[in-house]
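Understanding the architecture of this molecule
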Amino acid sequence: MQRYFITAEQFGDSDIRLLGEDAHHALRVMRTKPGDKFIVSDGQARTALVAVREAAAEGITADIIEMLPMDSEPNWSVTIAQSLPKGDKMELVIQKGTEIGAYAFVPFESERMIVQYDGKKEAKRLERWSKIAKEAAEQSHRSRIPSIQALHSWRELMKSVDTYDLALFCYEREGDAAHGKGVRTAVREWALQSGAIDSPSILLIVGSEGGFTEREASEAEAAGAVLVGLGKRILRTETAGIVGLTCLLYESGEMGGA
Ligand code: SAM
């Protein structure tokens with residue numbers, strides 16, 4: 001069933017308003033007419049099944065039939081910090097990360113980043129990424145849309161490490177589990193040290209196509225991040241965050257089944 005994220009203001013006590021692009025999509029693509037049903041969420045506290053009462057170009061009014069549980073969010077809030085990759089790879093990270101259950105995304109700059117950062121494109125890029133996150137959240141029936149933070153400098157990212165319950169620095173040098181920690185070991189050691197936290201916030205740091213320098217790895221460790229490997233193969237930058245996120249949510253028991 002089609003889903004739309006709407007603002008709290010569009011959520012009434014007994015009905016909702018669908019406006020703008022969403023109303024256009026409902027009318028033109030879904031051919032929505034009175035009586036049709038869809039699901040809306042404010043992305044924070046309310047998700048509801050609604051039935052269309054009025055469908056017009058300036059907007060759709062739908063009556064709330066029943067409030068639905070908001071139970072599609074993982075208990076572990078995993079934020080993917082992705083060193084800015086080339087081309088549209090960030091869009092792939094955002095789309096797949098959202099489907100799998102990422103909590104947020106933090107693009108950041110690192111020494112071996114290949115793409116030349118152009119501040120003039122920042123606003124446009126953030127708008128495109130937010131649209132991708134919203135569409136992926138609707139498609140995957142998420143109860144909230146993962147946030148996309150502004151581009152962080154390396155310094156800003158390092159300063160943020162201790163605001164998380166756990167920070168994992170994906171370091172391909174640690175890729176061979178024989179030499180370094182795998183995600184599972186890192187998480188279990190942390191859980192032992194910190195005592196199992198119900199809904200931990202976890203930062204997963206991924207390098208760009210050029211990888212990380214030794215200096216960045218030691219600075220990340222000094223900031224409190226744990227260096228982890230993702231297996232003995234070298235993953236593409238756009239693959240690594242998705243694999244790390246999946247490993248973490250699997251470890252938390254979120255990926256289906258007990
Ligand atoms: N240095 C890599 C090489 O030798 O080709 C290039 C970096 S890799 C394409 C991009 C990023 O993905 C790395 O900086 C790291 O964060 C992550 N990554 C890729 N494979 C990994 C692995 N086996 N273990 C841990 N992190 C990995």
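Relevant structure appears above.
First, a word on what this report is: a plain description of the structure on this page. Just so it is clear, the model here is predicted, and its values are computed rather than measured.

1. Re helix α1 (residues 20-29)
Residues lying three or four places apart along an α-helix face the same way, a consequence of the helix completing one turn every 3.6 residues. All of the buried residues along α1 are Asp22, Ala23, Ala26 and Leu27. All buried residues of α1 project into a common sector of 125 degrees when viewed along the axis, lining one side. For α1, the exposed residues set more than 90 degrees away from the buried face come down to Gly20, Glu21 and Val29. For α1, the elements touching its buried residues are β1 (3-5), β2 (15-18), β4 (47-56), β5 (59-68) and α3 (122-139). After α1 finishes, the residue arginine 31 shows a positive phi value of roughly 50 degrees.

2. Points about the environment of glycine 59
Along the chain, glycine 59 falls in strand β5. Distance in space between the C-alpha atoms of glycine 59 and histidine 24 is 8.0 Å, their sequence separation being 35 residues. If near-sequence neighbours (up to four positions away) are discounted, glycine 59 is found in contact with Arg17, Leu18, Leu19, Ala23 and Glu54.

3. With respect to the side chain of arginine 3
Inspection of the secondary structure assignment puts arginine 3 in strand β1. For the buried arginine 3, no salt bridge is present, and the opposite-charge side chain at shortest range is aspartate 71, 7.0 Å distant. When near neighbours in sequence (up to four residues on either side) are disregarded, arginine 3 contacts Ile39, Glu138, His141 and Arg142.

4. Focus: the site of the ligand
Around the ligand lies a shell of 19 residues, among which Cys170, Glu172, Leu230, Arg233 and Leu235 are the nearest. The contact in question runs from an oxygen atom of the ligand to an N or O atom on the backbone of cysteine 170, over 2.6 Å.

5. Thoughts on the pairing of β5
Where a strand is regular, its side chains alternate between the two sheet faces. Here 4 bridges tie β2 to β5, and the two strands are oriented antiparallel to one another. If you follow leucine 18 over to β5, its bridge partner there is isoleucine 60. Where β4 folds back onto β5 in an antiparallel hairpin, the turn is made up of 2 residues.

6. A short note on unusual backbone geometry
One can expect most non-glycine residues to show negative phi and most peptide bonds to be in trans. Unlike most non-glycine residues, arginine 31 shows phi in positive territory, near 50 degrees. Among the secondary structure elements, arginine 31 is positioned in the loop between α1 and β3 (37-41). When its relative accessible area of 61% is taken as the criterion, arginine 31 is described as exposed. For histidine 141, which is not a glycine, the phi torsion comes out positive at approximately 60 degrees. Of note, histidine 141 is situated in the loop between α3 and β8 (147-148). With a relative accessible area of 34%, histidine 141 lands in the partly exposed category.

7. Quick word on the pairing of β4
The pairing of β3 with β4 spans 5 bridges and is antiparallel. By the bridge assignment for β4, serine 41 is matched with threonine 47. Counting the residues that bridge the hairpin from β3 to β4 gives 5 residues, and of these glycine 43 lies at a positive phi of roughly 75 degrees. Direction of pairing for β4 relative to β5: antiparallel, over a ladder of 9 bridges. The residue of β5 that forms the bridge with glutamate 54 is threonine 61.

Criteria and thresholds
- Residues numbered from 1 in each chain as written.
- Predicted model: local features only at pLDDT ≥ 70, side-chain atom pairs only at ≥ 80, totals over all residues.
- Heavy atoms only, no water.
- Buried < 20%, exposed > 50% of the residue type's maximum accessible area, 1.4 Å probe, protein only.
- Helix = DSSP H or I, 4+ residues; strand = E, 2+ residues; numbered from the N terminus.
- Arc of directions from axis to C-beta.
- Contact = heavy atoms within 4.5 Å.
- Lys, Arg positive; Asp, Glu negative; His and termini not counted.
- Salt bridge = Lys/Arg side-chain N within 4 Å of Asp/Glu carboxyl O.
- Near = heavy atom within 4 Å.
- Polar contact = N/O pair within 3.5 Å; in protein donor to acceptor, adjacent residues only side chain to side chain.
- Pairing = 2+ DSSP bridges.

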